[in-house]
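Notes for the structure review
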Amino acid sequence: MSSTSGTSTTNTAEAEPLAIAYSPCPNDTFVFDAWAHGRVPGAPALDVTFADIDVTNGMAERGELDVLKVSYAVLPWVLEEYALLPCGGALGRGCGPLVLTREPGVDLSAGTVAVPSERSTAYLLFRLWAADVLPAGVGKVVVLPFNEIMPAVRDGRVDAGLVIHEARFTYQEYGLHRLADMGEHWESTTGLPIPLGAIIAKRSLGAEKLRALAESARTSVRMAWDDPEASRPYVRAHAQELDPAVADQHIGLYVNEFTADLGDAGYAAVRGLLTRAAAEGLVPPVPADALRFP
């Protein structure tokens, strides 16, 4: 989805809205709808910026905004300033990134692969997969906005594309083939769910505020589950190019029990991802207590 901006505020507890950025994708608008529109009791008002994950990852690395939806892969660079919230993000099973090609059996060792962000979890999962199954490595990697990747593969501008989100449901419409599923590889080698997107908030807000933010996010997603119709206008407004049925599939896949609470399995998946990536030299090591929530 392309980057957009907008503002949404509530009439609740704080005079100054909390600056937050998340994507316009259906899972994020579904999760944050109740909070962004003032229906979560006692939750702080929100000043919302919509942006692609590559943009929010950069915001996090520069310390911009109070709360951000980012890739789990960016955590090693931002955990000193930001805390990982135990809810609101995207983590699950059967929902991993795909490598797509125009023809089956493409040799990536001499090809160009488009990815949505070099700091995305999708790209990190791709690099872990490549380390296991592509001894000759990958020819070249280029970064493209998420919505441009499948057209670029279809039109032959790149040899393969690493895609996320609703592309799982729509890639065949572009005449593309699935070369590999990063999630299948991750789950088969670790037995853990697939960590994708995280919600982080500045540690400087203080432990009490951070706990209140987590509870606001948790309440917002539960309200969305309780009344899915309430979120539809918000979801549709920011996913206009998506068929409503695809948007529903997107939400059903990426908003699950881990969105309400990471739990032991969720935290194990995040630690597993960052530990394996650090062992491969792909990210800096993360201190043992860095994921602990206040």
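A brief report on the enclosed structure follows. The structure displayed is predicted, hence computed values, not measured ones.

The rules behind the values
- Residues numbered from 1 in each chain as written.
- Predicted model: local features only at pLDDT ≥ 70, side-chain atom pairs only at ≥ 80, totals over all residues.
- Heavy atoms only, no water.
- Salt bridge = Lys/Arg side-chain N within 4 Å of Asp/Glu carboxyl O.
- Helix = DSSP H or I, 4+ residues; strand = E, 2+ residues; numbered from the N terminus.
- Buried < 20%, exposed > 50% of the residue type's maximum accessible area, 1.4 Å probe, protein only.
- Axes fitted to C-alpha atoms, helices over the stretch in contact; angles between N-to-C directions.
- Parallel < 35°, antiparallel > 145°, perpendicular 65-115°, else oblique.
- Left-handed = near helix turned anticlockwise from the far one by under 90°.
- Contact = heavy atoms within 4.5 Å.
- Nonpolar A, V, L, I, M, F, W, Y, C, P; charged D, E, K, R; others polar.
- Arc of directions from axis to C-beta.
- Polar contact = N/O pair within 3.5 Å; in protein donor to acceptor, adjacent residues only side chain to side chain.

Taken as a whole, this structure holds 13 salt bridges when the rule is applied. For Glu187, the salt bridge is made with Arg93, and the minimal N-O distance between the two is 3.2 Å. Here Glu187 is found in helix H7 (residues 182-190), whereas its partner Arg93 is found in the loop between strand E5 (90-92) and strand E6 (98-101), with 94 residues between them in sequence. Residue classification places Glu187 among the partly exposed positions, given a relative accessible area of 21%. Among the salt bridges present, the one from Arg178 reaches Glu184, with a minimum N-O distance of 3.8 Å. By sharing partners, the salt bridges in this structure join Arg168, Arg178, Asp181 and Glu184 into a single network.

Attention now moves to the packing of helix H4 (residues 121-133) against H7. One can describe the packing of H4 onto H7 by two numbers: an axis separation of 9 Å at closest approach and a directional angle of 65°. As judged from the angle between their axes, H4 and H7 are roughly perpendicular. As H4 packs across H7, the resulting crossing turns out to be left-handed. Facing H4, whose interface residues are Leu125, Phe126, Leu128, Trp129 and Asp132, H7 presents Met182, His185 and Trp186. Looking at the contact of H4 with H7 residue by residue, the classes come out as 6 nonpolar, 1 polar and 1 charged.

Within H7, the full set of buried residues consists of Met182, Gly183, His185 and Trp186. One side of H7 carries all its buried residues, which in axial view fall inside an arc of 160°. Check the buried side of H7 and you find it contacts E6, H4, strand E9 (160-163), strand E10 (177-181), strand E11 (194-202) and helix H12 (263-279). Where H7 begins, the capping side chain belongs to Asp181, and its oxygen is found 2.8 Å from the backbone nitrogen of Gly183.

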